[in-house]
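# Overview (structure and organization)
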Amino acid sequence: MGDYANLIEQRFGDSGPASAGEPENDLIRRVLARKTVRRYSSTAPSESLLDLLVAAALSASAKSDFQQAAILRVTDPDKRAAIGKLFPAMPWIGIAPVFFVFLGDARRLQRIGELRGKPVRNGTLEGFFNATVDAALAMQTMILCAESAGLGVCPISVIRNEVDTVAQILKLPDLVFPVAGLCVGYPSGDGYVSLRLPRGATTHREVYDDGALAQNLDDYDRRRDARHSIPKEQHRSNNEYGEAAFYGWSEDKARQAAKAEGAAFPPYLRKHGFTLD
Ligand SMILES: Cc1cc2nc3c(=O)[nH]c(=O)nc-3n(C[C@H](O)[C@H](O)[C@H](O)COP(=O)(O)O)c2cc1C
């Protein structure tokens, strides 16, 4: 019999369902306890293991069987350094033992249409969205498989903030765009399981109802702060917003999201084949 109560409590701390009595399942156990890893030992994963992870990633489900994900591995030290240099606040990008980029590939289906004499317009919002979802599912499949093989990983969507330069380095053609990078390596250090929002805020039954959001957030902020309070030096935009009496997760995320990221991405997409209509 699997006892998931501790893992669920560690992940949510929300006194919600603990699935007592469910049989042992190692995958679920690992997923409940998973954590992003940003520091790696110098031991490189074997090429054969990486090949296996790529095969697993490409086994993910794919919308309409269109198979619009692509995986690009960056090994050239100059390219790794050039990408790493763009993000000095995230040194793991340049130095992780392995770096993949998960691409949404709306180009391939358009080319298939050309090869088969059936014009396909795949720069639509539908084409963009389907390719994005496929790439995200492939990445998450690699993440879970890599973690189950003892590796640690960190997705890297910040590369989209410098999408023009990254696309140039990787020679991405029109209709192919980065969804996120993925740093991979053996973990050095333990890290911690990141507390998720209470399931009362993120799950609904029959109809959507976020009436309890404010209370859920207050509870979550306090619980999260009790585990890992955000150090003062990481409080964002104090000049603009002042010092918060209590700086919890929701204060931090509101401040972060109020400074929208990713301004370079929509013009990049429009310049490179997406009409998004
Ligand atoms: C699509 C996506 C993009 C991400 N981009 C970055 C990134 O650019 N840099 C980074 O350090 N972490 C990145 N992360 C990692 C998240 O910060 C991390 O998943 C989140 O804090 C929750 O932590 P956990 O995965 O350990 O539960 C990304 C995660 C996802 C799913």
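Above this text is the structure in question.
Residues numbered from 1 in each chain as written. Predicted model: local features only at pLDDT ≥ 70, side-chain atom pairs only at ≥ 80, totals over all residues. Heavy atoms only, no water.

## Some remarks on the site of the ligand
Defined as follows: The nearness test applies per residue and asks whether one of its heavy atoms lies within 4 Å of the molecule or strand. Polar contact is defined as a pair of N or O atoms within 3.5 Å, subject to the rule that within protein one atom must be able to donate a hydrogen and the other to accept it, and that residues adjacent in sequence are counted only when both atoms are side-chain atoms. Areas reported as accessible are Shrake-Rupley estimates using a 1.4 Å probe. Residue values count occlusion only from the protein chains shown. Asp, Glu, Lys and Arg are counted as charged, while Ala, Val, Leu, Ile, Met, Phe, Trp, Tyr, Cys and Pro are counted as nonpolar; the rest, among them Gly, fall into the polar class.
Near the ligand, the surroundings consist of 14 residues, among which Thr36, Arg38, Pro155, Ser157 and Arg196 are the closest. At a separation of 2.6 Å, an oxygen atom of the ligand approaches a polar side-chain atom of threonine 36. A distance of 3.3 Å separates an oxygen atom of the ligand from a polar side-chain atom of tryptophan 92. Considered on its own, the ligand offers 620 Å² of accessible surface; in the complex 67% of this is hidden by protein. Here the residues of the shell around the ligand sort into six nonpolar, three polar and five charged.

## Observations regarding the packing of aromatic side chains
The line we're drawing: Between the rings of Phe, Tyr and Trp (Trp by its six-membered ring), a pair exists once the centres lie within 6.5 Å; its type follows the angle of the planes, with under 30 degrees stacked, over 60 edge-to-face, and the other angles tilted. Any Lys NZ or Arg CZ found within 6 Å of a ring centre and within 35 degrees of that ring's normal is scored as a charge over the ring.
Inspection of every chain in the model, using the stated rule, returns seven aromatic pairs. Here the aromatic cluster, defined as three or more aromatic residues joined through ring pairs, consists of Phe128, Phe177, Phe265 and Phe274. Positioned above the aromatic ring of phenylalanine 265, the side-chain terminus of arginine 160 is 5.2 Å from the ring centre.

## Notes on the nonpolar core
Applicable threshold: What we call a nonpolar core is a set of buried Ala, Val, Leu, Ile, Met, Phe, Trp, Tyr and Cys residues that are connected through their side-chain atoms within 4.5 Å. Under the scheme applied here, a residue whose accessible area is under 20% of the maximum for its type counts as buried, over 50% as exposed, and between as partly exposed, the area being computed with a 1.4 Å probe on protein chains only. The criterion used for residue contact is that any of the two residues' heavy atoms lie within 4.5 Å.
Ranked by size, the top nonpolar core spans 53 residues in total, and within it Phe99, Ile156, Phe177 and Leu182 carry the most contacts. Apart from the residues within four sequence positions on either side, phenylalanine 177 is in contact with Phe102, Leu103, Gly104, Phe128, Ala131, Thr132, Leu172, Phe265, Tyr268, Leu269 and Phe274. Leu7, Ile8, Phe12 and Leu32 belong to the second-largest nonpolar core, a separate cluster that totals five residues.

## Overview of the pattern of salt bridges
Put simply, the test is: Salt bridges are identified by distance alone: a Lys or Arg side-chain nitrogen within 4 Å of an Asp or Glu carboxyl oxygen. A run of H or I in DSSP counts as a helix once it spans at least four residues, and a run of E counts as a strand once it spans at least two, with each numbered from the N terminus.
Per the counting criterion, the structure on display carries 14 salt bridges. For lysine 232, the salt bridge is made with glutamate 243, and the minimal N-O distance between the two is 3.6 Å. Of this pair, lysine 232 sits in the loop between helix 10 (213-227) and helix 11 (238-241) while glutamate 243 sits in the loop between helix 11 and helix 12 (249-258); the two residues are eleven residues apart in sequence, bridging distant segments of the chain. This pair shows no difference in class: lysine 232 is exposed, exactly as glutamate 243 is. With its nearest N and O atoms 2.7 Å apart, the salt bridge here joins glutamate 251 to arginine 255. Of this pair, glutamate 251 and arginine 255 are both found in helix 12, four residues apart, which corresponds to roughly one turn of the helix.

## Examining the environment of alanine 180
Looking at the secondary structure, you find alanine 180 in strand 4 (residues 176-185). Alanine 180 gets classed as buried once you look at its relative accessible area, which sits at 4%. Note: C-alpha distance between alanine 180 and glycine 248 (68 residues apart in sequence) is 27 Å. What alanine 180 contacts, discounting residues up to four positions off in sequence, is Phe100, Val101, Phe102, Met139, Ile156, Ser157 and Ile159.

## A closer look at the side chain of arginine 199
The residue arginine 199 is located in helix 9 (residues 199-202) in this model. Of the polar contacts made by the side chain of arginine 199, one reaches the side chain of aspartate 14; its length is 2.8 Å. Leaving out residues up to four positions away in the same chain, arginine 199 has contacts with Ile8, Phe12, Asp14, Gly16 and Pro17.

## Topic: the environment of arginine 227
In this fold, arginine 227 is placed in helix 10. For the pair arginine 227 and tyrosine 40, spaced 187 residues apart in the sequence, the C-alpha separation amounts to 24 Å. With sequence-adjacent residues up to four places away left out, arginine 227 is seen in contact with Glu9, Gln10, Gly13 and Leu195. Among the polar contacts listed, one links the side chain of arginine 227 to the backbone oxygen of glutamate 9, at a separation of 3.1 Å.

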